[in-house]
Structures are given as C-alpha cells and as structure tokens.
There are 4 protein chains.
Amino acid sequence: MTTTRFRSTEADIDGLYHELAEHELQPLWELKGLLTREPAVAGTPFRWRGDDLRKLAERAGDLVPVDRGGDRRVLACCNPGLAGAPYAVSTLWAAVQYLRGHEMAPAHRHSPAALRFITEGEGVFTLVDGDPLPMGKGDLVLTPSWTFHEHHNPGDAPMMWMDVLDLPVVAALDAVFFEEGASEEADTATAPASASERWFGGGPGLVPAGHETPPSHSPLLAYRWADTDRALTAQLDVSGASSAKLRYSDPVRGGDVMPTMRCEIQRIEAGASTAAFRQTGGRVACVLHGTGRARVGERVFDIAPGDIIAVPSWSRWQFLATSRLDVFSVSDAPVLEALGLFRTSEG
Amino acid sequence: MTTTRFRSTEADIDGLYHELAEHELQPLWELKGLLTREPAVAGTPFRWRGDDLRKLAERAGDLVPVDRGGDRRVLACCNPGLAGAPYAVSTLWAAVQYLRGHEMAPAHRHSPAALRFITEGEGVFTLVDGDPLPMGKGDLVLTPSWTFHEHHNPGDAPMMWMDVLDLPVVAALDAVFFEEGASEEADTATAPASASERWFGGGPGLVPAGHETPPSHSPLLAYRWADTDRALTAQLDVSGASSAKLRYSDPVRGGDVMPTMRCEIQRIEAGASTAAFRQTGGRVACVLHGTGRARVGERVFDIAPGDIIAVPSWSRWQFLATSRLDVFSVSDAPVLEALGLFRTSEG
Amino acid sequence: MTTTRFRSTEADIDGLYHELAEHELQPLWELKGLLTREPAVAGTPFRWRGDDLRKLAERAGDLVPVDRGGDRRVLACCNPGLAGAPYAVSTLWAAVQYLRGHEMAPAHRHSPAALRFITEGEGVFTLVDGDPLPMGKGDLVLTPSWTFHEHHNPGDAPMMWMDVLDLPVVAALDAVFFEEGASEEADTATAPASASERWFGGGPGLVPAGHETPPSHSPLLAYRWADTDRALTAQLDVSGASSAKLRYSDPVRGGDVMPTMRCEIQRIEAGASTAAFRQTGGRVACVLHGTGRARVGERVFDIAPGDIIAVPSWSRWQFLATSRLDVFSVSDAPVLEALGLFRTSEG
Amino acid sequence: MTTTRFRSTEADIDGLYHELAEHELQPLWELKGLLTREPAVAGTPFRWRGDDLRKLAERAGDLVPVDRGGDRRVLACCNPGLAGAPYAVSTLWAAVQYLRGHEMAPAHRHSPAALRFITEGEGVFTLVDGDPLPMGKGDLVLTPSWTFHEHHNPGDAPMMWMDVLDLPVVAALDAVFFEEGASEEADTATAPASASERWFGGGPGLVPAGHETPPSHSPLLAYRWADTDRALTAQLDVSGASSAKLRYSDPVRGGDVMPTMRCEIQRIEAGASTAAFRQTGGRVACVLHGTGRARVGERVFDIAPGDIIAVPSWSRWQFLATSRLDVFSVSDAPVLEALGLFRTSEG
C-alpha cells in the first residue's frame, strides 16, 4: 500500500484541521497517548503519614468549626500526580475526618458510596438511615450509596477516622446526586449494636429468613474488629502461612460489600512480606497496627499506624512487616471486574 | 363440538387398548389423577417422638453392630403415607443415627447430600473430606454431595443425632452414585475447630480473600449453636416480635447451604405461635428445645425435644410454644425455586 | 473394631424390628439398594416406531372423541421398565397427540411444563395464554408451566405431534397444580406469526427494549423449522464437521427455554455418527428426518422419521446416520445442573 | 451547636491551609461542587451533521493517508463542553472512520471496546480475531475489548461509518492496554457470512450446543440490517404503537452485547415522537433513515441521515419524526447498572 497519491500540502492539511475544529472534530492521527501499551496511569505512589494526618486534623479541629462548609471536617488526600484533584488515586477519594467531643456532622446522602475505617479512638457513632453504628478501632463502617448518614460524638474526646469514597468514578460517570437530610437527635443511650448488626451480624452463614435486603449493597453495615481479628488469627492458624487476607463481604448475597469498592484486610507476621502484585484499578491502604515497609511501584515507604497509602492502577505493591502488620485496603476491583477490565499480575 | 360421528363399539375400544398396550402406550383419557387441581401429596403429616427415637436407637445400639450393613446404625423415619418407602416426606430422608462410645462409621461418599442436626449430646466428630467437625447440641453439620464423610466417637458415651438427606430427589432423578472411602485414623486430639470453620467461620461477612470455594455448596460445613443462639436472640431483640427465624447460608456466595436443601431455625417464645403457612415441597422439622404443639394439615401434635415432624408439600403448618421452642427444619425449597415450582400461601 | 459384644439373638432382633415398624421406622442396615455405585436406573432403553404411533393415533382418532377424558387425544409412551407408569423415561412424559380436522382441545393450564415437537403435517395452532402459535413440521412450540394452552385444528386434515412434559419431576416434588380455562373462539384468520414471535423472534440477538419478560421461561414460544434448518446448515458449513447440534434458548436471558427441560436438535450427515455419550438424567429423542441407528445402552434401534426414543439416565447413546438424520431431543439436564447432580461421560 | 469557641484568625487558617498543601491534603470545606444536587454534567447536547461528517471525511481521504498516525483515518467528535477532550459525551468516544478503495487499516487490539454502525455504503469488511465481517448499511459490527481488528476495503469505492468506543470509561479507570497485531492478507473472496454469524446467528433463540463462548461479550459480532428491519416492523405490527425499540443482545447469555455499552435502535413513524426521557450516563445516537427533530436538554436539532447526536447524562431527550426515523444509539447504561448508579426519569 503506497501513499504517494496523497499530494497534500501543509496548507491543505492546515485548512482541513481548521475546518475540523470549526465542526468540533479532531483528527485521530494527531491525538497522541490515547491508546497506550500499558495504562498511562494518572496518580503516583504516595503515602500520607498517620502522624501528620493526626496533627493536622487536630489543628483543623482547633481552628475550624465542623459546619464551616460541607458539614464535615475532612482533610482530603490529594495525590500529587493528579494535577490538584482531591483524590488519593484516580478512582478513589480518601480522607481523614475529625470530630471533636459533642460535635455532630449532620445528615446527608449522596450517590457516591462511602466507608469509614477507624485506626484509633472510639465514641463516635454514625447513623445510617437512622440506625446508630458505634465506631471503634479496627471497625469498618459502611454508608452505601444514597443512604442518609450523620456522625455524632456524644463524648468529650475527639475522634478521627479514614473515609473512602468512590466519588471519582461516580463523578466520571456524571452520576453524582446529593441531598441534605433531617438530622436526628443524638441518642447517647443507643443500643450497643446497630439494628443492621442484630439482623445480619449473628454469625457466619446465619441470615434472617424472609427479611428484605437492600438492592445493591451489604445489609450488614458494620464489621467489628473483634470478629476480624479472630478471623485473621484463625486463617493464619489453619493455613500455616505468614500472612492472612480477608475480604469483607455481603453476608446475604455474597460478594463485595458495595458494587464499587472491595474491602480487604491483611495481616503480615513480623519478618514476613506479601508477594509483589498488581492489578488494574486503584487502591487505598491504611495501616491499623504494626510497622514495616510498603513498596509501591518504584517507591518504598516506611509505614506506621494511621498511614494512608495510594497504590495507583497497575503499580506493583508489596508489604514487608517489621512488627506484625494489619493493613486495611479498599480497591475498585468490583468495577473493573463488572466491566471486563480486571487484570492482575504477580511477581 | 359433537361426538356423534364416533360410532365405536366397546369391542373396537378394547381392541385399540389392547394394541396400545402391546406397543407400550397408554391412552391419556383413561389415566386418572395425573393432573390434579392441587398437589395429590404423597405422604401424610406425621411426628416421630424424640423419646421413642432415643429408646429405639439405644436398643439398636445394644443389639446391632454399626457395621452390620450400610456401615451406619440408622433408623429411617418412614412416612406412613408413602407405601413403605423409607422417607420422612416424599422428597426428604430423615433418620436418627446412633454411635456407641469408641465406634466409628467408616468413610463413604454419595451424590445425595446429607446434613446432621444434633439435639443432644456431644463427643462425636464427623470427618468431611478429612476435616474433623466436632458435633455438639444445636449444631448443624453438612456433608455435601460427593464429599467423603465418616463419624468417630472417641469417647465412652454414645451419641445420637438426626440425619437428613435429599435422597428421594436424587433417586427420582436416577442420579445416585456411591463410593466407599479409606477411613482415617481417628484423631482424638483434633483441633477444637475444623479447617472449614477456621477458613470460613471467622465472623459475619468475613471471608478469606483468594481462597477457592467448592462449586456448589457452602464451604462452611458446621454452624455452631452458640452463634445460632446469639443470632436468634439478637433478632428477637431488634424485631420486638415473639418469634425469630434464621436461614443457614453460604457465607461466600450467599444463598442456601446446598442446592437441594434449605436449612432454617425458628425460635418461638412461650405463649406465642407462628402464622399458618404452606409451600410446595416437603419439610422435616426437629425440636431442639421447648414444648408446644405443631399443627400440620389436619393433625395436631404435642411436641417435645428430639421430635421429628414431617410436613408434606402444600400442607399448612404452624408451631405454638408452651415453653420457648427452638425448631430446626429442612425443606427442599431450593429445588422448587430453581425449577420455577415454588408456591407459598399464608394463613 | 469388634462386634463380639453384640450378643443379640434372632428373637431380640425380631423384637426390635417389630417395634421399629410400629413406630414407622426402618433399620437402614436392612434396606438394600438405596445407595448404589452407579444410578440404579428406572426405565430401559426403548423406541416407539413412528409408523406405529401414526397408525394407532389415527385409529384413536376414528374411535375416540377428543373430549372423552382429559380433553386431549393423547397416547402416552410407557417405558416398559417403569412398572406401568405412563412415562417415557423416569423423569419425562412423552406422547403423541392427535387432532382431527375441526376439532379442538380446550384450554387448561398446569404447573408441569410442556412442549410440542411436530414431525409431520401442519394446520393446527396452539393458543398459549391466548397467543395463537401455528404448528408446522420441524417446529418446536412451548407451553410453559402455568400458561393456558389449547389446540385448534381449523382445517380438514388431522394432525399429530409429540408432546413432552416434565410431569414426572413435578409429580415427584408434589407440586402439580391444574386449572381449566375458558377456551377462545378459534380464530382461523389468525396472524401468520404469534405475538410472541413478533416481539421476540426478530432475529438473533435482537430483543425488544423495555418489554417485560416472563419470570422463568423463554418469552419466545415457537422456534421455526426454517430458522433451525438454516442454523444447522450454517453450523455444518462453519465447523466442517459431519454433525451439528443446536440448543434452543431463551433469547432474552440466555439459557434453556424452560427451567426443567433442555431442547436440542442434531443433524448427522449420511454415513456419520455421533460420539457415544452419557449423562445423568433422562432424555427423549424424536426423529424428524432421515434413517439410521440409535444405540442406547445395550440396545440398537433402526430409526426412521417419527420414532420416539427413550434414553434413560446414565445410558450411553449414539446416533448413526444412513441418510441424513435430524433428531430433536429433550432432556432434564437443567434440573440436574441446578441441583449440582449433572455428570457426563464421553466414549 | 455553637462555633464561638473557634477563635481562629485568618492567619491561623492560612497557616493551616499552607501546611495542608505541603502534606498533599486539601480541606473539604473549601472544595466546592464535589457533591451536587444533580449531576454537574460535563459535556453539552450537540449534533454533528452527517453532511459535514461525510464531506470532511472525504477531504481527509484525499489529503491524509490511512497510516499517518494511529493507523486509522478517523475524525473524533469532540463535545464542545468537554474542554477539548476528544469525546462525544464524557463517557463515550464517537467518530467517523473513512477508508478509500483498496486501503486497509491494520490489525491492533485494545482494552477499550469498540463498535461500528454503518449509515451508508458497503464493501469494507472488518476482521475480528481473523473472522471477516462484511459491513453494510444499517449493520452493527462489534470489536469487543482486546479482540484484534482490522478493516479492509477491497473495492474501488470509499466507505465511511461511525465508531463508538468506551474509551473515556476505560481511561478513567486507568485500564487502557494496546497491542499491534499482524494484519492478514485481505481475503476478497471471503464468505458472505462470518464464522461468528454462522455459529451464533442462526435465528432467534438458536445457539450452538457445547460451543465455548467468549467470557464477557456477545459471541455474535455482526447484527444485520435485514434482521433488524424485520424485527422493527414486527414490533410495530404487534404493538400497534407508532414507535418500536430494540436492544441488541448476547444470544447465548442474554443481556447487553458488551459489558460497557448498550446498543439500541428505534423506529419512529412519520408524525410520531418518543416520550421525553432521561437517564444517568451518556448516549450517542446516529440517524440511519429519515428526518425530524431531536430535543436534547434545552436544544432542538433538525436531524437527517448520518447525523450524530450527543446526549449527556441526565439530559432529557426525545425524537420527533417528520419522515419515518430509524435511530441507532449507544449508551453506557450497563456500567451504571452494574455499579448501582442507574437512574431514569420519564416526561
């Protein structure tokens, strides 16, 4: 195939390009970087130190009222590779939220789904559609898409936790909806377990018969550290391996807790490490216990409790434990899987 | 439409019928009872008393060795409406199994799935594909289709439990396979929890990440009474109702524990009763705790711990508690649902 | 393990057995043949000759009015291995139905699902929930569970076809329901295609947007020979093989046309044969075109158009074509698959 | 709740913000527009005229060889509301591709899925993993994620068609992979139907038995206008309505043709219109036949064959036919549905 017949001059081409632009068209052959051999990943490996997050959150607690804007005192992790977008990786929002004693963050709901993971403290409870979920260290609390949620701190001590949202994905799909709610009187004499947990948290494989469940997320809204710790211990015991990994799942339908986010927790014994691994889609990890190192792409981070780590798509990552590590993480793997775009690679 | 043109004589008809029979054909118009307005249910409401079952099982234990035939000392509940077939209802086998101290029932496997529910005692453990599952009062233990299973009683005391199998369904489908296995040395120093439970029983909604699960049944093979009891208590607490009902489910995929049998447990507070209810397909119930009455169709049975109750298809049933009742039951509802044949009716 | 401690006498044992019988119990160890190494298949390989079926159906047409009983003039294939049960194999009813000119078989519905396969003739139409489906040679017509159906023959010529029902399975599950309907005036000027076909039969992969479909069966109720023939031809062409095999499927949800029966058609070129194959569950085959032989288990049948062949569970079967064979068949494979009981074996 | 205790000065706040920025954090309360009451939709209603697209494509054909860059002579529709991004709506790429006689666009594959819809001409064929798919007016041709595809024009006449890709979604998920392939010798004596069509295009509900299908897209890769036209005609006939709508579906599994794009076609009779409708997620429509008007959001476009119309997320849209309209469209509805983010609103 020869192209000799194409005797176009620069002026011809310029004229064509000009006219294309006038008609809101662009020539593909001038567009570079659309289809890359491997993902041209937005975002970079990064780590926010737990110590910094705590200090800055406390300072924000001193200086800024909870209702100054957005009704939440939240510091968003902004991946330096994302050109100022307030996202930890290109598909996940991660942040720390801080609530002083006797403060409340009032009710609202939004189509982006959120979850909270608590790395220290206790005392706040989150109401999800009116159901009070106490929050404590190591707990995972879900506020699924379009559920009203509010946070109350009836005690004196401030509390901080990590928020993760699928906001970048929902925004990219032009599907963000938001509504303010009517906050309830904080019930400081609330039951020790939420209704959600009393219905759906009885035990492994025990679900209420004939009780309606929500259409697209786990009906169990809180996963308690005592259970998680026991399950990690049991898995290490039965496998004889030096690390264990759990997935948080919907106890009724099976599968991930929400259609956009997969939640996992790993325990790595002191001296051990996980195999290097990568997958399409982003991940945010958060250290609950222990110290060690996280390799992400070409970066190596010393890690400690409260650290938040950004693992961009297709970046190799690996944890090495100096002391026994418990690391919670969230990925958008269910999105990639649903769309036939999930790839993994080991080593 | 007139039939006057049909001038057939009795002799003509007889000749036709004779010739049809010779060709292995039958005239539909002479077949009665094939398509009935409502199910022409095989089997009748029935109740086997726990006291009788215990005494007869003990006597069999005195008289008959475990290896006399079938390698199991089992008394099968034979519904008097089933013309001698050894089934509790037309689609479910129910039986009591009895193992003296230091006896074992050797390994085998079969395509019919089985489960064990324990109404008293402890000390036996069942090995499922080599995984030792201790059996105790109130526990449900699964031996799914085509898993090797054997029962060991390392202690001195005899033990008895209820077996339920989907054998009638599998037999009706001409799909029974059976194989003997190599029994393992009884490990009386077995771990307090099975590998199955350590992998899959960590807590509600907590499942191992990346661990293969079996293709068509729950990977969790034992459901412990302590969990069940706590879940029933929590459900009564949250619902404020006078009865609670749980379904045993697959913690990884959701749904029933096995494709042919649904397992449920109900707690009915003293003085309360359940609503009358019926469904297509059979059910076998077993009283764990408490006393009261069971209405099944036109029959009313006084019930007590250890009783086994047959609820035939489309028979109304209802429990009334004199003292607090805990009733376990098994139905073939997953079969009816999968085939589009499940119907229910309340009241 | 020794049994010397069991010093029971015959009298002891007899006494126990007597008492067990009084309590509606049977000792497992005296029950033989419950759990067999391979399926103890009820039913035997068999073949009903198309010629016989036609002659006997015609004779029944002469002698017996359609409304003599059951409102259908149907001759049921009775497998000689099934002790008189009117079933072709233990899980499937097969029969020929015969309608003289100007006769009608009035409307009714039942929970057992039915299908019609036509090996000769035309002119009758079946109304399914009022939708008229013309029937012609090589067509498959569905009357799914609980749909009203009636057959009209507005012309002068009689017509015959094969009926297959899942009745044995539904009866074994005690789930047979039946209701008579109000037959419609036969509309002899009916549209050439049913509403079902106009909605769902547009072409491969083309389905109406936003049109509700029935919950558990294909919304397409007729599969026309012209399409089937073309698809078989195309498959032979593309594969280069000497036989082709199609599955009839639900065009909207995919999968089998009904939850209890899988419909397939095979074309085997003259001189070719299919590989020997067996599977759990029963099958009924019906020859549309061609001649050859069918091996089923230990039997070999010469086959010709209109023949109906019973393939019991786990029996090896194979077709050999003398002239090009088109063979339609129905199996209960979806039932076995749904229950985790499907096994196959080749060769 | 009072905020009087917060005595922060501007300087304090500035200091905090400065330190947050240094730690790659942003205060949520200063981020505006993240959570909007309704989607803050990127992109605007727009229409590219078929006449313009044809003329500009022809001019590009005269001036630019097919291999100048990207190996495709493609003009990308650039929604003027997307700040220069070459996308028709924020989640879909749409473009026209132009191939002169005797040109070829060589083989490559990419994780973004593509489809082609042809509004005029014929003669080109697309090879998908080596299977030649002839392209003609009104046809839909799929090149699913990660399938090699190339376009050959063996004739003298040039040809143009519309490409739609899910590229914006795959790019947002950082999951773009690309690979060049080895182009095959153009086989101008190719079979009139592709292997894909001979295997899977036999007729409605007819699928090959036992033939493996691809994991996450329709195995049928071409949907022919003759079938589509017949199905639209039949639907209008059966419904008695003035418009008909089809969804292109996977003939084996049911559901959409690819996990990221829903393909539909509507016929609106002259003088009729569709109901106003909106949904989350974007849509690209393309006029095949007829003239009329498209209302999209606040805009009204006169439409004619070859026009491409951008319908952004949550924008109301409606077609009004002056002469009978056939309009093909693609949306990302399967993505929104899979993630629990699909909302619709009529009127």
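Every residue gets a number counted from 1 within its own chain, in the order that chain's sequence is written. Following the order in which they are written, the chains are lettered starting with A and the ligands numbered starting with 1. In keeping with the predicted nature of the model, local features appear solely for residues at pLDDT of at least 70, side-chain atom pairs appear and are counted solely at 80 or more, and the whole-chain, interface and lining totals rest on all residues. Just so you know, side-chain values use all the structure's heavy atoms and leave hydrogens and water out.

Quick look at the UniProt feature "domain: Cupin type-2" (unreviewed entry) in chain A
Point 1. UniProt positions are given in the numbering used here, feature names are shortened, and annotations may be inferred rather than shown by experiment. UniProt's feature table lists "domain: Cupin type-2" (unreviewed entry) at residues 101–164 of chain A, given in the numbering used throughout.
Point 2. A distance of 23 Å separates the end C-alpha atoms of residues 101–164 of chain A, which is 0% helix and 59% strand. Secondary structure elements follow DSSP: runs of H or I no shorter than four residues count as helices, runs of E no shorter than two count as strands, and numbering proceeds from the N terminus.

Topic: the sheet that holds strand β10 (residues 149–152) of chain D
Residues and elements named next belong to chain D.
Point 1. At least two DSSP bridges between two strands are required for those strands to pair. With antiparallel pairing, five strands are arranged side by side in an open sheet as β8-β7-β10-β5-β12. The outermost strands of the open sheet, each flanked by one partner alone, are β8 (131–136) and β12 (178–180). Neighbour-to-neighbour, the strand axes of the sheet open up by a mean angle of 25°, direction not taken into account.
Point 2. In terms of strand pairing, strand β7 (residues 122–128) meets β10 through four bridges, oriented antiparallel. Opposite threonine 126, over in β10, you have histidine 151 as the bridge partner. Axis lines are fitted to C-alpha atoms, over the contacting stretch for helices. Their N-to-C directions set the angle, which ranges from 0 to 180 degrees.

Considering the relation of the copies chain D and chain A
Point 1. Superposing chain D onto chain A requires a rotation of 180° together with a translation of 0.0 Å along the rotation axis, leaving an RMSD of 0.0 Å. Taken together, these values place the two copies in the relation of a two-fold axis. Identified as the residue of chain D closest to the rotation axis by C-alpha distance is D:Ala338, at 3.3 Å. Superposition of the copies used a least-squares fit over C-alpha atoms from residues whose pLDDT is at least 70 in both.

Remarks on the interface of chain D and chain A
Point 1. Taken together, the contact pairs 97 residues of chain D with 97 residues of chain A.
Point 2. Two parts placed together each lose some accessible area under a 1.4 Å probe, and the buried area is that loss summed for both. Both sides of the chain D and chain A interface together cover about 8,200 Å² of buried area, and 67% of this is carbon and sulfur.
Point 3. Within this document, salt bridges are pairs made up of a side-chain nitrogen of Lys or Arg and a carboxyl oxygen of Asp or Glu, the two lying within 4 Å of each other. Remark: the boundary between chain D and chain A carries four salt bridges.
Point 4. Between D:Arg37 and A:Glu180 there is a salt bridge, with the nearest N and O atoms lying 3.8 Å from each other.
Point 5. Polar contacts here mean pairs of N or O atoms no more than 3.5 Å apart (in protein, one a potential hydrogen donor and the other a potential acceptor; neighbouring residues in sequence count only if both atoms are side-chain atoms). For the interface between chain D and chain A, the tally reads 27 residue pairs in polar contact (both at pLDDT 80 or more).
Point 6. Looking at which element gives the most residues to the side of chain D that touches chain A, the answer is helix α2 (residues 50–63) of chain D, with eight residues.
Point 7. Each residue belonging to the side of chain D that touches chain A can be placed in one class, and the counts come to 54 nonpolar, 22 polar and 21 charged.
Point 8. In the sheet, strand β3 (residues 74–77) of chain A pairs with strand β1 (residues 25–27) of chain D via three bridges, with the strands oriented antiparallel. Residue pairing in the sheet places A:Cys77 in a bridge with D:Leu25 of β1(D). Contacts are assigned to residue pairs with any non-hydrogen atoms lying within 4.5 Å of each other. Following the grouping adopted for this structure description, the nonpolar residues are Ala, Val, Leu, Ile, Met, Phe, Trp, Tyr, Cys and Pro, the charged ones are Asp, Glu, Lys and Arg, and the polar ones are all others, Gly among them.

Re helix α5 (residues 225–239) of chain D
All names here are of chain D.
Point 1. Any helix carries an expected span of 1.5 Å times its number of residues minus one. Its 15 residues give α5 an end-to-end C-alpha distance of 21 Å, which sits within 8% of 21 Å, the value for a rise of 1.5 Å per residue.
Point 2. In this scheme, a residue with accessible area under 20% of its type's maximum is buried, one over 50% is exposed, and one in between is partly exposed, where area comes from a 1.4 Å probe on protein chains only. All buried positions along α5 are accounted for by Trp225, Asp227, Thr228, Ala231, Leu232, Ala234, Gln235, Leu236 and Val238.
Point 3. Positioned one or two residues after α5, glycine 240 has a phi angle of 70°, which is positive.

As for the pairing of strand β23 (residues 325–331) of chain C
Residue and element names in this part refer to chain C.
Point 1. Burial within β23 is extensive, with seven of its seven residues counted as buried.
Point 2. The alternating pattern of β23 places Leu325, Val327, Ser329 and Ser331 on one face and Asp326, Phe328 and Val330 on the opposite face, and all of these are buried.
Point 3. Pairing between strand β16 (residues 262–268) and β23: seven bridges, direction antiparallel. Bridge pairing links arginine 267 to aspartate 326 in β23.
Point 4. Direction of pairing for strand β18 (residues 283–289) relative to β23: antiparallel, over a ladder of six bridges. Each bridged residue has a counterpart across the sheet, and for cysteine 286 the counterpart in β23 is phenylalanine 328.

Section: the arrangement of the chains
Point 1. Note that chain A does not reach chain C: the shortest distance linking a C-alpha of one to a C-alpha of the other is 18 Å.
Point 2. There is no contact between chain B and chain D; across them, the least C-alpha separation is 18 Å.

Focus: the interface of chain B and chain C
Point 1. Listed as interface residues are 97 residues of chain B and, on the opposing side, 98 residues of chain C.
Point 2. For the pair chain B and chain C, the summed buried surface comes to about 8,200 Å²; carbon and sulfur atoms form 67% of the total.
Point 3. Summed over the three residues of chain B that lose the most area to chain C, namely B:Trp29, B:Asp174 and B:Phe177, the buried surface amounts to 10% of that side.
Point 4. In this structure, the connection of chain B to chain C is made through four salt bridges.
Point 5. Measuring nitrogen to oxygen at the nearest pair gives 2.4 Å for the salt bridge that ties C:Glu19 to B:Arg59.
Point 6. Linking chain B to chain C there are 28 residue pairs in polar contact (both at pLDDT 80 or more).
Point 7. Tallying contributions element by element places helix α2 (residues 50–63) of chain B first for the side of chain B that touches chain C, with eight residues.

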